[in-house]
Amino acid sequence: MRKSILAVALVLAMMLTLVGCGEKAPVYNDSTYEGTGQGNNGDITVSVEVKDGKIANVEVVSHEETEGICEPAIEQVPASIVEKNSTEVDTVSGATNTSNGIIEAVKAALEGAK
């Protein structure tokens, strides 16, 4: 019985230690930042607004992507980044390179926000 109490105590201690190891969302300096990433047909430039330490707005300001294919990524990826306050978002099927270019551009912009 003494061993089982010790085992339970050990498991509880390990669980409490892991709770403190959760990854926290980074806090950014408020301002507007610009970054560039590689899309399917060339550079994608974004503007990232940080407000209250979080990503408040992401806008694609220029790109050379194919009309009719890139629009879903240009609409959905920035919105997902703002919603999650993270660049760890899903890409849009059929516009993967555009999606990745937007994500890369936002990451580049956020480097200046740290």
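For the structure, check the block above.
Residue indices follow the written sequence of each chain, beginning from 1 at its first position. Only residues with pLDDT of 70 or above have their local features reported here, since the model is predicted, and side-chain atom pairs are shown and tallied only from 80 upward, although totals for entire chains, interfaces and linings are computed over all residues. For the side-chain quantities, the full set of heavy atoms in the structure was used; hydrogens and water were omitted.

Asks: Explain the overall build of the protein to me, and be specific about the residues and the numbers.
Replies: Numbering of helices and strands starts at the N terminus; helices are DSSP runs of H or I of at least 4 residues and strands are runs of E of at least 2. Of the regular secondary structure elements, the protein holds three helices and three strands. The helix and strand sequence of the protein, counted from the amino end, reads α-β-β-β-α-α. Any two residues whose heavy atoms approach within 4.5 Å are treated as being in contact. Across the protein, contacts joining residues at least 24 apart in sequence account for 46% of those joining residues at least 6 apart. Of the accessible surface of the protein, which amounts to about 7,500 Å², a share of 53% is contributed by carbon and sulfur atoms. Here the open area of atoms and residues is found with the Shrake-Rupley method and a 1.4 Å probe, where only the protein chains shown may cover a residue.

Asks: Report on the side chain of threonine 87, specifying residues and quantitative values.
Replies: Its place among the elements puts threonine 87 in the loop between helix H2 (71-84) and helix H3 (96-111). Non-local contacts of threonine 87, meaning those with residues more than four positions away in its chain, are made with Ile81, Ile103, Val106, Lys107 and Leu110.

Asks: So what about the pattern of salt bridges? Which residues, and what values?
Replies: We count a salt bridge whenever a side-chain nitrogen from Lys or Arg sits within 4 Å of a carboxyl oxygen from Asp or Glu. In this structure the tally under the stated criterion is one salt bridge. The salt bridge partner of lysine 114 is glutamate 111, with a shortest N-O separation of 3.2 Å. To sort residues, take the accessible area from a 1.4 Å probe on protein chains only and compare it with the maximum for the residue type: under 20% means buried, over 50% means exposed, and anything in between is partly exposed. Its relative accessible area of 52% is what places glutamate 111 among the exposed residues.

Asks: Help me get a handle on the environment of valine 50, residues and values and all.
Replies: Note on placement: valine 50 falls in strand S2 (residues 43-51). A relative accessible area of 4% means that valine 50 is categorised as buried. A C-alpha to C-alpha distance of 9.7 Å links valine 50 and valine 82, two positions 32 residues apart in sequence. Those residues in contact with valine 50, other than ones at most four positions away along the chain, are Tyr28, Asn29, Asp30, Ser31, Tyr33, Ala56, Leu110 and Ala113.

Asks: Describe the pairing of strand S1 (residues 31-38), and please don't skip the residues or the numbers.
Replies: Relative to S2, S1 runs antiparallel, the two being bridged by eight bridges. The residue of S2 that forms the bridge with glutamine 38 is aspartate 43. What sits between the antiparallel neighbours S1 and S2 is a turn of four residues, in which glycine 42 has the positive phi angle 150 degrees. Each pair of strands is called paired provided DSSP finds at least two bridges between the two strands.

Nothing here speaks to function; it is all geometry.
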